[in-house]
Amino acid sequence: MVAFGKKLKERQIQEWQGYYINYKVMKKKVKEYADQIQAGALNQRYVLKDFSRMLDKEIEKVVLFLLEQQGVFASQISQLNEQQDSLQEQPDISKVTELREAYRNVGRDLLKLLFFVEINAIGLRKILKKFDKRFGYKFTDYYVKTRANHPYSQLQQVFNNVGLGAVVGAISRNLADLQDREGSYLSIYDQPALPLQDPVVDSMEAAIDRLSYSTNFLNFSVQRSLIMLEELPTPVEEHVDDQRYHFMSLLLNLANTFLYMINTYIVVPTADDYSISLGAAATVCGIVIGAMAVAQVFSSVYFSAWSNRSYFRPLVFSSIVLFVGNVMYALAYDLKSIPVLLIGRIFCGLGSARAVNRRYISDCVPLRIRMQASAGFVSASALGMACGPALAGLLQTNFKIYKLTFNQDTLPGWVMAFAWLIYLIWLWISFREPAQEKDEVNNVPQKSNAAENDALERGVVQPLLLKSVGDEQDNEGDQEGDGSEEAQEESRRPANSIVEAYRLLTPSVKVQLLIYFMLKYAMEVLLSESSVVTTYYFSWSTSTVAIFLACLGLTVLPVNILVGSYISNIFEDRQILLASEIMVCLGILLSFQVIIPYSVPQYVCSGLLMFVSAEVLEGVNLSLLSRVMSSRLSRGTYNGGLLSTEAGTIARVIADVTITLAGYLGQSKLLNITLLPSLLICITSIFATCRTYNSLY
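The rules behind these values
Residues numbered from 1 in each chain as written. Predicted model: local features only at pLDDT ≥ 70, side-chain atom pairs only at ≥ 80, totals over all residues. Heavy atoms only, no water. Helix = DSSP H or I, 4+ residues; strand = E, 2+ residues; numbered from the N terminus. Contact = heavy atoms within 4.5 Å. Areas by Shrake-Rupley, 256 points an atom, 1.4 Å probe, with all protein chains shown as cover. Core = buried A, V, L, I, M, F, W, Y, C linked by side-chain atoms within 4.5 Å. Buried < 20%, exposed > 50% of the residue type's maximum accessible area, 1.4 Å probe, protein only. Phe/Tyr/Trp six-rings, centres within 6.5 Å; stacked < 30°, edge-to-face > 60°. Lys NZ or Arg CZ within 6 Å of the ring centre and 35° of its normal. Salt bridge = Lys/Arg side-chain N within 4 Å of Asp/Glu carboxyl O. Patch = residues over 30% accessible without salt bridge, like charges linked within 9 Å, V, L, I, M, F, W, Y side chains within 5 Å. Expected span 1.5 Å × (residues − 1). Polar contact = N/O pair within 3.5 Å; in protein donor to acceptor, adjacent residues only side chain to side chain.

### Focus: the overall build of the protein
Within the protein, the secondary structure is distributed over 30 helices and 2 strands. Partitioning the contacts of the protein with sequence separation of at least 6, the portion at a separation of at least 24 is 85%. When the accessible surface of the protein is totalled, it reaches about 29600 Å², and 60% of it is carbon and sulfur.

Given below as structure tokens:
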């Protein structure tokens with residue numbers, strides 16, 4: 001990655017060069033402000049007012065040019081429409097073809113304008129972040145709120161797609177009309193029932209859609225997956241992405257994620273019955289469920305390191321280990337062995353290849369579809385979480401084949417072993433190992449017109465107002481004139497160890513990880529002990545528990561859509577964060593069994609409140625975490641995704657151990673004892689959040 005200032009200059013459209021935000025001048029101005037304030041020559045109030053005036057002028061320059069270009073497009077389309085009307089009286093196939101190409105040229109010019117909006121928005125967001133970092137003041141919040149909400153807001157014009165949408169609609173309609181009439185001139189058989197849409201229209205619609213709020217859910221999902229999106233990639237990087245990408249390989253990675261989440265949660269409804277059938281206490285289910293998470297603490301590290309060299313081999317290894325682990329889990333029933341049961345679950349955890357799945361999307365999927373792929377990663381995880389308990393509820397049978405028992409306890413192991421065997425065969429036949437990045441970069445030709453056109457067709461990826469601002473660890477490489485090339489390279493070098501990665505964490509990032517730890521702990525307690533608690537208090541069957549857990553899992557996607565598309569547009573992320581923490585705390589409090597008899601409505605309502613609030617909290621928390629994480633943690637083995645995964649996995653391990661230990665005090669005390677640590681950690685995270693954001697804002 002090169003410095004943003006240099007990248008911005010390289011990607012500018014030359015004939016529009018004077019209309020871009022002058023990022024370099026504003027960056028120098030910020031440095032001058034800092035020096036003058038330190039010398040006592042300026043006060044902060046003057047700096048805020050002067051810098052606001054400078055930003056207003058820069059944005060006005062962009063907006064006026066944007067309006068001017070929209071007028072040019074309107075004039076061109078009006079002239080083309082007149083030519084099209086004349087063709088109705090005197091049809092001419094050659095002129096129809098010329099007219100269609102003229103409309104396409106207008107569409108290509110519109111794509112250039114959308115790209116112009118994109119890089120100006122990125123430049124504006126980055127200079128605001130730099131200002132906040134330099135002065136320790138959240139100027140961005142003030143500036144965006146005052147400018148965006150004003151009735152004469154020019155800031156909103158940068159992201160206002162009404163005029164641009166009208167241009168897209170006019171081009172799309174006329175191209176479709178010309179395509180239909182061209183067919184009728186040639187032959188009735190040339191008129192397709194469903195005419196194909198022109199590729200330039202697809203590109204424009206994708207770009208204009210990214211400018212609208214309809215992509216908020218995708219942005220939200222991307223940040224939740226902790227798959228970092230690069231801004232303004234070079235043509236070389238885009239070409240390498242296209243060569244490394246293979247759709248079936250991406251589908252196999254998403255299938256791996258889906259199956260692994262099923263494998264994690266399919267045993268939850270029956271783990272207590274399985275433990276009892278092997279002569280252990282029902283609360284040993286905590287260890288049975290948690291054994292997989294214990295192994296995942298280690299597997300995440302070596303799979304992350306392995307993905308630096310290969311994607312195919314770790315996925316094959318993962319499938320084999322999971323197949324063996326599930327067979328051992330199923331055989332433990334006939335062997336009457338708790339150790340075999342636990343070893344089987346440990347093997348399943350050792351096969352966790354989520355780090356490989358996440359890394360494949362980050363490294364091999366082209367930027368233009370990486371957002372959709374990342375949303376697919378989150379969706380596959382959510383669906384797997386819901387399908388696991390639901391599948392367990394369907395496996396209510398009991399029969400024997402020779403000496404092997406197939407019942408509700410063992411069938412989850414046999415079914416998943418068969419699923420991983422089928423997946424392994426599919427993987428072996430269909431997966432294509434991406435070429436090594438270094439070799440491809442050396443073989444990539446110089447910038448071509450096709451590469452430039454592909455870059456223009458990507459559209460606007462990250463609108464300013466959907467982004468969190470004030471990145472406290474702004475290692476984006478903006479060091480033109482501020483240091484040597486060695487210093488720039490150092491700022492982009494990935495962490496080489498867990499210790500080094502931890503040192504890169506700022507106080508706010510540590511708070512985000514604490515919140516992630518808390519919510520994973522609370523959710524694991526709720527899910528893992530559900531079968532024991534509901535059997536003790538309500539005498540629920542395995543099918544009833546499975547239905548309850550499946551219904552909880554099915555809330556994940558609707559909640560994400562609601563937060564990503566609506567709530568995040570109304571409230572600030574930090575407000576949603578704090579409100580969600582308070583709601584999780586309330587859900588925990590309502591879950592306690594006090595003097596009155598414990599009832600099904602109390603358990604279901606409190607559990608649903610806790611789970612849904614935790615899901616909202618997880619999405620917003622990871623969204624914030626992906627923005628405040630150091631750029632050095634966006635790649636390499638010890639990346640931000642690995643750190644968050646480890647924090648969540650350790651939380652699950654501790655929660656499952658707590659359930660097992662609390663079981664020694666009796667099932668009547670299990671619920672309250674396991675909820676107490678959840679409550680204490682939740683209250684701690686709320687105080688840490690308030691303290692951190694009060695110091696920042």
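Now, onward.
### Focus: the nonpolar core
Counting residues in hydrophobic clusters, the biggest one holds 124 residues, and the most contacted among them are L427 and I588. Top contributing element to this core by residue count: helix α23 (residues 507–528), with 14 residues. Residues in contact with I588, not counting those within four places in the same chain, are A522, M610, L675, S678, L679 and C682. Counting residues in hydrophobic clusters, the runner-up holds 43 residues, among them W16, L48, F51 and F116.

### A short note on the packing of aromatic side chains
Tallied over the full model, the rule gives 33 aromatic pairs. Here the aromatic rings of W540 and F548 are separated by 5.8 Å at their centres, their planes lie at 65 degrees, and the arrangement is edge-to-face. Taken together, a centroid distance of 6.2 Å and an interplanar angle of 80 degrees make the contact between W540 and Y603 edge-to-face. With W540 in the loop between α24 (530–538) and α25 (542–554) and Y603 in helix α28 (residues 600–628), this pair connects stretches of sequence that are 63 residues apart. As far as the burial class goes, W540 and Y603 line up, both buried. Taken together, Y536, Y537, F538, W540, F548, Y598 and Y603 form an aromatic cluster joined through their ring pairs. The aromatic ring of Y333 is capped on one face by K336, whose charged end is 4.9 Å from the ring centroid.

### Here's the deal with unusual backbone geometry
Non-glycine residue K336 carries a positive phi angle of around 55 degrees. As for its placement among the helices and strands, K336 is situated in the loop between α14 (312–335) and α15 (338–350). Take K336: its relative accessible area is 55%, and that puts it in the exposed class. For S539, which is not glycine, the phi dihedral falls at a positive 60 degrees. Secondary-structure assignment places S539 in the loop between α24 and α25. By relative accessible area, S539 is classed as exposed at 63%.

### Some thoughts on the pattern of salt bridges
Under the counting rule described, the total for this entry stands at 7 salt bridges. For R53, the salt bridge goes to D50, with nearest N and O atoms at 3.2 Å. With R53 and D50 both in helix α3 (residues 44–89) and 3 residues apart, the pair spans about one turn of that helix. On the accessibility criterion, R53 (39% relative accessible area) is partly exposed. Measuring nitrogen to oxygen at the nearest pair gives 3.5 Å for the salt bridge that ties K520 to E618. Of the two residues, K520 sits in helix α23 while E618 sits in helix α28, which places them 98 residues apart along the sequence. Exposure class is identical for K520 and E618. Each is buried. Through salt bridges that share partners, E101, R104 and R108 make up one connected network.

### Some points on a nonpolar patch on the surface
On the surface, I320, F323, V324, F418, L421, I422, I425, W428 and I429 cluster together into a nonpolar patch covering about 880 Å² of accessible area. Broken down by element, the residue count for the nonpolar patch peaks at 6 residues, all from helix α18 (residues 411–430). Turning to its location among the elements, F418 is positioned in helix α18.

### Some thoughts on helix α11 (residues 247–265)
Here α11 contains 19 residues, and its C-alpha end-to-end distance of 28 Å stays within 8% of the 27 Å for a straight helix at 1.5 Å per residue. For α11, the tally of buried residues reaches 15 of 19 residues, placing the bulk of the element in the interior.

### Comments concerning helix α27 (residues 573–591)
Between its terminal C-alpha atoms α27 stretches 27 Å, which fits the 27 Å expected from 19 residues at 1.5 Å a residue. The set of residues buried in α27 consists of D573, I576, L577, S580, E581, V584, C585, G587, I588 and S591.

### Concerning the side chain of S307
Tracing the sequence through the fold places S307 in the loop between α13 (285–306) and α14. Residue S307 is classed as buried on the basis of its relative accessible area, which comes to 2%. Side-chain polar atoms of S307 contact the backbone oxygen of S304, separated by 2.7 Å. Among all residues touching S307, those that are not within four sequence positions of it are V356 and R359.

### Some thoughts on the environment of I498
With respect to the helices and strands, I498 occurs in helix α22 (residues 498–503). Residue I498 is classed as partly exposed on the basis of its relative accessible area, which comes to 38%.

Shape is all these values report; function is a separate question.
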